[in-house]
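# Reading the structure
The chain contents come next:
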Amino acid sequence: MPDRQPTPIGALVNAGIASSVPSGQKQLALNTVHTVADGQGAGPAPVVLPWGRRKVLLLNATFEPLTALPLRRAVVLVVCGKAEVVHGDPAGAVVHSSTSAVVVPSVIRLANYVRVPYRGRVPLTRAGLMHRDRYRCAYCGGRAETIDHVVPRSRGGPHSWTNCVACCAKCNHRKADKLLSELGWRLRVVPNAPRGPHWRLLAGVTEADPLWLPYLGEPAA
């Protein structure tokens, strides 16, 4: 079940954020990274970051979570003055271009408010479901590794938030295509569809940075 990116990208494009970048800033280089010295000696060794996979939480001007941006896009927004850094990298990493240096951000905030169309339904993804169930098996409470349909698909169960739960491999194997009543099992928590803009964001993010949690409305894991 592939993850999607259910974030309001269209709203950001319409606001001129996703594509409006001054030509002089388009060549921002992210290949030089240093950590800020801690005042004791030369400081830590340079940090090697997976630039292609790193995400940054983007907040609206009102601190409402909007989406998870690629690191390069987030740095460009900060350099262009369209956003400010709310939380930097815990290691104190800094990226350098030919003319400036920017603290590697974990959370940034838009300088101007962007109106986002209301979207009520949160798409069902593996990442979102794992976050909802806090990576715990709905049957035994152990560490979840997969997803299980409470009422098996082979027996008419829907693929929905209310019929899908996080599950450990052992319980998933034991349950197979049986009903809970046949096994004498019961769910630890009744599954429900999550609501809120932070859940739309989490549905598309496999791993949430712990620094994001205070801005997501609820704990993510």
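The structure under discussion appears in the preceding block.
I will try to describe carefully the structure that is included in this document. (Residues numbered from 1 in each chain as written. Predicted model: local features only at pLDDT ≥ 70, side-chain atom pairs only at ≥ 80, totals over all residues. Heavy atoms only, no water.)

Our focus in this paragraph is the overall build of the chain. A count of helical and extended segments in the chain gives six helices and nine strands. Relative to its 221 residues, the chain shows a buried fraction of 42%. Of the contacts made within the chain by residues no fewer than 6 positions apart, 67% connect residues no fewer than 24 positions apart. Accessible surface for the chain amounts to roughly 12,000 Å². Of this, 52% is attributable to carbon and sulfur atoms. (Helix = DSSP H or I, 4+ residues; strand = E, 2+ residues; numbered from the N terminus. Buried < 20%, exposed > 50% of the residue type's maximum accessible area, 1.4 Å probe, protein only. Contact = heavy atoms within 4.5 Å. Areas by Shrake-Rupley, 256 points an atom, 1.4 Å probe, with all protein chains shown as cover.)

Summarising the element assignment, His-131 is placed in helix H3 (residues 126-132). The exposure class of His-131 is buried, given its relative accessible area of 3%.

Across residues other than glycine, the phi torsion is negative in most instances, and most of the peptide bonds are trans. Positive phi is not limited to glycine here, since Tyr-135 has a value of about 60°. Tracing the sequence through the fold places Tyr-135 in the loop between H3 and strand S8 (146-149). Taking the relative accessible area as the measure of exposure, Tyr-135 reaches 17% and is therefore buried. Of note in the backbone geometry, Ala-176 takes a positive phi value of approximately 50° without being a glycine. Tracing the backbone shows Ala-176 in the loop between helix H4 (169-175) and helix H5 (180-183). Under the relative-accessibility criterion, Ala-176 is labelled partly exposed at 41%.

Keep in mind that these numbers describe shape and distance, not what the molecule does.
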